[in-house]
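Structural overview for review
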Number of protein chains: 2
Amino acid sequence: MKPIQVNGRSYQAPAQPTVIVCIDGCEQEYVNLAVQAGAAPFFASLLARGTVLTADCVMPSFTNPNNLSIVTGAPPSVHGICGNYFLDTERGEEVLMNDARYLRAPTVLAALADTGAKVAVVTAKDKLRALLGHGLRGICFSAEHADQASLQTHGIADVLARVGLPKPSVYSADLSEFVFAAGVMLMRTERPDLMYLSTTDYVQHKHAPGTPQANAFYALMDRYLGELDALGAVIGITADHGMNAKTDAMGRPQVSFLQDLLDDRLGDGRTRVLLPITDPYVVHHGALGSYATVYVRPGTPVHAVAEVLRGLPHVERVLDRETAAARFELPPDRIGDLVVLAHRLAVLGTSARRHDLSGLTVPLRSHGGLSEQAVPLLFNRPLADVPTRRLRNFDVLSLALNHLSPRT
Amino acid sequence: MKPIQVNGRSYQAPAQPTVIVCIDGCEQEYVNLAVQAGAAPFFASLLARGTVLTADCVMPSFTNPNNLSIVTGAPPSVHGICGNYFLDTERGEEVLMNDARYLRAPTVLAALADTGAKVAVVTAKDKLRALLGHGLRGICFSAEHADQASLQTHGIADVLARVGLPKPSVYSADLSEFVFAAGVMLMRTERPDLMYLSTTDYVQHKHAPGTPQANAFYALMDRYLGELDALGAVIGITADHGMNAKTDAMGRPQVSFLQDLLDDRLGDGRTRVLLPITDPYVVHHGALGSYATVYVRPGTPVHAVAEVLRGLPHVERVLDRETAAARFELPPDRIGDLVVLAHRLAVLGTSARRHDLSGLTVPLRSHGGLSEQAVPLLFNRPLADVPTRRLRNFDVLSLALNHLSPRT
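Given the structure is predicted, the values throughout are model-derived calculations rather than measurements. Throughout this document, residue positions are counted from 1 along each chain, in the order its sequence is written. Think of it this way: whatever chain is written first is A, whatever ligand is written first is 1, and the rest follow in order. Two thresholds apply to this predicted model, a pLDDT of at least 70 for residue-level local features and 80 or more for giving and counting side-chain atom pairs, whereas whole-chain, interface and lining totals are computed over all residues. As a rule here, side-chain values cover all heavy atoms of the structure and leave hydrogens and water aside.

1. What about the interface of chain A and chain B?
A contact between two residues is defined here by any heavy atoms of the two lying within 4.5 Å. With 36 residues of chain A at the interface, the matching set in chain B holds 36 residues. Summed over both sides, the interface between chain A and chain B buries roughly 2,500 Å², with carbon and sulfur atoms accounting for 58% of that surface. Contact with chain B buries area across many residues of chain A, yet Ala-249, Met-250 and Arg-344 of chain A alone supply 26% of it, more than any other trio. Counted as salt bridges are all cases of a side-chain nitrogen of Lys or Arg within 4 Å of a carboxyl oxygen of Asp or Glu. The interface formed by chain A and chain B holds 4 salt bridges in total. When two components associate, each loses some accessible surface as probed by a 1.4 Å sphere; the sum of these losses over both components is called the buried area.

2. Regarding the environment of Asp-56 of chain B
Residues and elements named next belong to chain B. What counts as a helix is a DSSP run of H or I of at least four residues, what counts as a strand is a run of E of at least two, and both are numbered from the N terminus. Relative to the helices and strands, Asp-56 resides in strand β4 (residues 51–56). Separated by 100 residues in the primary sequence, Asp-56 and Ile-156 have C-alpha atoms spaced 34 Å apart. Not counting residues up to four positions away in its chain, the partners in contact with Asp-56 are Gln-373, Ala-374, Val-375, Arg-390, Leu-391, Arg-392 and Asn-393. For the purposes of these results, a polar contact is taken to be a pair of N or O atoms within 3.5 Å, where, inside protein, one atom must be able to donate a hydrogen and its partner to accept one; residues adjacent in sequence count only when each atom of the pair is a side-chain atom. Only 2.8 Å separates the side chain of Asp-56 from the side chain of Arg-390, close enough to count as a polar contact.

3. Thoughts on empty space enclosed by the protein
Only protein atoms enter the calculation, which uses a 1 Å grid: trapped sets of points that fit a 1.4 Å probe without letting it out are cavities, open sets showing protein on both sides within 12 Å along at least five of seven lines are pockets, and any residue with an atom within 4 Å of a point is a lining residue. Grid points are joined across faces, edges and corners, and a volume is the space filled by probe spheres set on the points. The tally for this structure, following the rule as stated, stands at 6 cavities of 30 Å³ or more. As for the largest cavity, its lining consists of 22 residues, of which Glu-29, Pro-209 and Asn-244 of chain A together with Pro-209 and Asn-244 of chain B are closest to the centre. Elements with a minimum of two residues in the lining of the largest cavity: α1 (28–36) and β11 (244–245) of chain A together with α1 (28–36) and β11 (244–245) of chain B. Class assignment for the residues of the lining of the largest cavity results in 12 nonpolar, 2 polar and 8 charged. Size it by volume and the second largest cavity reaches roughly 120 Å³. Looking at the second largest cavity, it is lined by 18 residues, and the ones nearest its centre are Asp-24, Thr-63, Lys-125, Lys-127 and Asp-201 of chain A. For the lining of the second largest cavity, the class distribution of residues is 3 nonpolar, 10 polar and 5 charged. Both domains that meet at the lining of the second largest cavity, namely domain 1 (4–242 + 369–402) and domain 2 (255–366) of chain A, each give it at least three residues. In the scheme used here, Gly and all other residues not listed as nonpolar or charged are polar, with Ala, Val, Leu, Ile, Met, Phe, Trp, Tyr, Cys and Pro taken as nonpolar and Asp, Glu, Lys and Arg as charged. Here the bounds of each domain stem from an automatic or database domain assignment.

4. With respect to the environment of Lys-246 of chain A
Residue and element names in this part refer to chain A. Take Lys-246: it is sitting in the loop between β11 and β12 (255–257). Look at Lys-246 and you get buried, because its relative accessible area is 0%. Separated by 96 residues in the primary sequence, Lys-246 and Ala-342 have C-alpha atoms spaced 9.9 Å apart. There is a polar contact of 2.8 Å between the side chain of Lys-246 and the side chain of Ser-290. A polar atom in the side chain of Lys-246 sits 2.7 Å from the side chain of Glu-372. Think of it in three bands: residues with accessible area under 20% of the maximum for their type are buried, residues over 50% are exposed, and the middle band is partly exposed, with areas taken using a 1.4 Å probe on protein chains only.

5. Quick notes on the relation of the copies chain A and chain B
Fitting of the copies onto one another was done by least squares over C-alpha atoms, counting residues only where both copies have pLDDT of at least 70. After a rotation of 180° and a shift along the axis of 0.0 Å, chain A superposes on chain B with an RMSD of 0.0 Å. A rotation of that kind, with that shift, is consistent with a two-fold axis. When C-alpha distances to the rotation axis are compared across chain A, the minimum falls at Thr-211 of chain A, with a value of 2.9 Å.

6. As for the domain arrangement of chain A
Residues and elements named next belong to chain A. Domain annotation for chain A reports domain 1 (4–242 + 369–402) and domain 2 (255–366). Relative placement of domain 1 and domain 2: their C-alpha centres are 27 Å apart. On the domain 2 side, the residues contacting the 40 residues of domain 1 number 35 residues. Surface buried jointly by domain 1 and domain 2 totals about 3,400 Å² across both partners, of which 58% is contributed by carbon and sulfur atoms. When the buried surface of domain 1 facing domain 2 is broken down by residue, Phe-62, Tyr-171 and His-205 rank first, second and third, together holding 19% of it. The interface formed by domain 1 and domain 2 includes 3 salt bridges.

7. Digging into the pattern of salt bridges
Evaluation of the coordinates by the stated rule reveals 46 salt bridges over all chains. Across the pair Arg-392 of chain A and Glu-329 of chain A runs a salt bridge, and its minimum N-O distance is 3.3 Å. One end of the pair, Arg-392 of chain A, is in the loop between β19 (374–379) and α15 (396–402); the other, Glu-329 of chain A, is in the loop between α14 (321–328) and β16 (338–342), with 63 residues separating them in the sequence. Of the charged contacts in the structure, one is a salt bridge between Glu-190 of chain B and Arg-162 of chain B, with a shortest N-O distance of 2.9 Å. You can see Glu-190 of chain B sitting in the loop between α9 (173–189) and β9 (194–198) and its partner Arg-162 of chain B sitting in helix α8 (residues 159–163), a full 28 residues away along the chain. Residue Glu-190 of chain B is classed as partly exposed on the basis of its relative accessible area of 22%. Judged by relative accessible area, which is 34%, Arg-162 of chain B ranks as partly exposed. It is possible to trace a salt-bridge network through shared partners that takes in Asp-88, Arg-91, Glu-93 and Arg-101 of chain A.

8. Here we look at the nonpolar core
Counting residues in each nonpolar core, the largest one holds 131 residues, and the members touching the most others are Phe-43, Phe-141, Tyr-218 and Leu-309 of chain A. No other element matches helix α9 (residues 173–189) of chain A, which puts 10 residues into this core. Counting contributing residues per domain, this core is built from domain 1 (4–242 + 369–402) and domain 2 (255–366) of chain A, each supplying no fewer than three. Once you skip the residues sitting within four places of it in the chain, Tyr-218 of chain A turns out to touch Ile-23, Cys-26, Tyr-30, Val-31, Ala-34, Phe-43 and Gln-204 of chain A. Ranked by size, the runner-up nonpolar core spans 130 residues in total, among them Ala-110, Val-121, Val-122 and Leu-399 of chain B. As used in this record, nonpolar core signifies buried Ala, Val, Leu, Ile, Met, Phe, Trp, Tyr and Cys residues forming a set joined through side-chain atoms within 4.5 Å.

9. Some remarks on the side chain of Gln-254 of chain A
With respect to the helices and strands, the residue Gln-254 of chain A is situated in the loop between β11 and β12. Side-chain polar atoms of Gln-254 of chain A contact the backbone oxygen of Leu-345 of chain A, separated by 3.2 Å. Once you skip the residues sitting within four places of it in the chain, Gln-254 of chain A turns out to touch Lys-246, Thr-247, Asp-248, His-314, Leu-345, Ala-346 and Val-347 of chain A together with Gln-28 and Thr-54 of chain B.

10. Here's the deal with unusual backbone geometry
Cis geometry marks the peptide bond from Met-59 of chain A to Pro-60 of chain A, where omega comes out at -5°. The topology assignment puts Pro-60 of chain A in the loop between β4 (51–56) and α3 (63–72). Phi angles above zero are rare outside glycine, and Asn-7 of chain B is one such case at about 50°. Looking at the element boundaries, Asn-7 of chain B is found in the loop between β1 (4–6) and β2 (9–11).

11. Details of the pairing of β16 of chain A
Residues and elements named next belong to chain A. Across the 5 residues of β16, 5 count as buried, placing the element largely inside the fold. Side chains Leu-338, Val-340 and Ala-342 of β16 all project onto a buried face; the interleaved residues Val-339 and Leu-341 project onto the opposite face, where all are buried too. Sheet analysis places strand β14 (residues 291–296) next to β16, joined by 4 bridges and oriented antiparallel. Counted as the bridge partner of Thr-293 is Val-339 from β16. Paired strands, as defined in this entry, are two strands with at least two bridges between them according to DSSP.

12. Examining the sheet that holds strand β13 (residues 271–274) of chain B
All names here are of chain B. Ordered by their spatial adjacency, 4 strands build an open sheet running β13-β14-β16-β15, and the pairing between neighbours is antiparallel. Two strands bound the open sheet, and with one partner strand each, they are β13 and β15 (315–320). Between one strand axis and the next, the sheet turns by 25° as a mean value, whatever way the strands run. The pairing of β15 with strand β16 (residues 338–342) spans 5 bridges and is antiparallel. For Leu-319, the partnering residue across the bridge sits in β16 and is Val-339. Axis angles are defined between N-to-C directions and span 0 to 180 degrees, where every axis is a line fitted to C-alpha atoms and, for a helix, only to the segment in contact.

This is how it looks when you write it as structure tokens:
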């Protein structure tokens, strides 16, 4: 079959059932330390029989931009999704970026389905479903709303019964387990040509690599991946972003509340700080990440705001819109006048009173900055002709479909 | 008593026995996760009754420069020790920087001892003893050579018998335990006015924060710190540097061998790459850290070498001598023409054949870069008037001696 062209890249149709897995918040140390602890035999096997690479995710190192990059094979400048949340300047309001109307590029998933390939998508949280499933003729549902899946709108019905697990809580490791269990069920019963599984980082936000809870979660994923492997699937694994502690030696969050600090120094209303990590599910991180964008009110010089920001605690880097858009391949019309990154062990907030940290029952771990850009890029097959350039997590589809070694 | 002046800073004589502890390689997560696991009740108590701060160590984030900064209260530009190892351009040879003749500034320890205060120093490895004990009239010995301590040269004899532990192996957690056990013995029997304890990062090079082995090590230190606390000592704790994984998802080291790469691109002999992490004890890290310095042979343009370096994998930043010296407060005559920093998860080597990695029985963890600059700064007493500027690990003596809250 002729390769298809999507967003300027070429993809072979899957010759064997192919599963792409995005493990949310998968700092590489989670895999490494689970393997070291003997908890992840499938992962451990990849070095000898598969391919182990490291890639950079897209900035900001958040869930939505990276999931969309993975399924479009392109950076946010192409697909338009540059956060979970943004200021819709046309509407003049801050909105979730969950709606497919914000998506500016087709997905490889939909394009392959259009050629007749059987495609399935399972996400943990429903927030990603509309975006990942945009234009897709196939199966697409979330673990969160698994009970609501219907043949007409999700391409599948009776999901709970078919998976054989109860509907999971949105704040739990069960949500990700459900994604994998559904993936194994689909591979057994539907055998899709291409399947995309996307988990949630609930565990990674709470537990550091190598801790018993983290190792148990990776052991669980390892068992399901081993099942998919045994079912003959080509598997490509990457992550939307890494994860780091954002605390001091006693586990207290290290936060700069940028809106409070800017209002204090420049006067109220001169700037508007927006946190693109914001989504409906912020209990486990209090909407605190290491990336913020700042809109500057006309009349206030942008460079003056940048200078104030550069002098604030925990601020690692401040870029103007043009530089940030070029450097991080972001859509300039959907970011503020300034992009602000925090140091590895710190996060950025708006105003202290707008962040509810009561849900932080364990020390804050989060992401969003350059320090969470390195992610795993793993395959259960040898690859051929892997490009020598910097690899990205959104190369995973191209590598799995176009670079399988002829030996396999 | 009148405060003493050392390297431009003022220090009160200790009013109570004061212990300064440098925990080698103490990434803050080690403390946080040991506290979370319930393994470190002394550390856990500091938030309520003491003072918990975060500080930056000096660059390069290696042991010798930072230990010397802590005891002189000054950066390497003042004390001259900018690595474990350097190119002595007067002698034209690469040498260890263990000799006190390389030290350009007096220590606060020696200055306080000169006023009649009783001062004691215990280090894990002997490599630091000569530098830390320079000019010191008092007790100064290493756990490594505890059996060789004599009254005449170390200010104390019969150390093994007095401590009640056997001579520890240089590659073991026992080496650090011996430091603490000796500290408790000295506090019981000699009650020094000021004591400096410096451990080794053998455990941190091998085990990630929160793992059972790391928690056990912090539990051990916690018990000894609790004993010093119970003996009435003022305790200030910091670190020489943090620690990060330097591997991919399967624990393989991520290394750029700079000498090989530069020779390949520029021709043999145009540059000389030097790794200031090098010391006689490299089994656990193979002399691989995230900081290197490069000497450029006359006739080769330095900026051309810098450009080549900037294009190499894992290289985060390249600074010329002047910029590096200014930015990191380094002695310009003791660094190369260029300073090279690696990304957080990677290290820099010279030539592959010059690194023996056979001792790496577990995935590489190391330090040297900006990513290991954040360290804890903890006290078992409330402090008053803590400066609001960026704090450094070498503020620990000033804070412990000059900033005790009058309430204590």
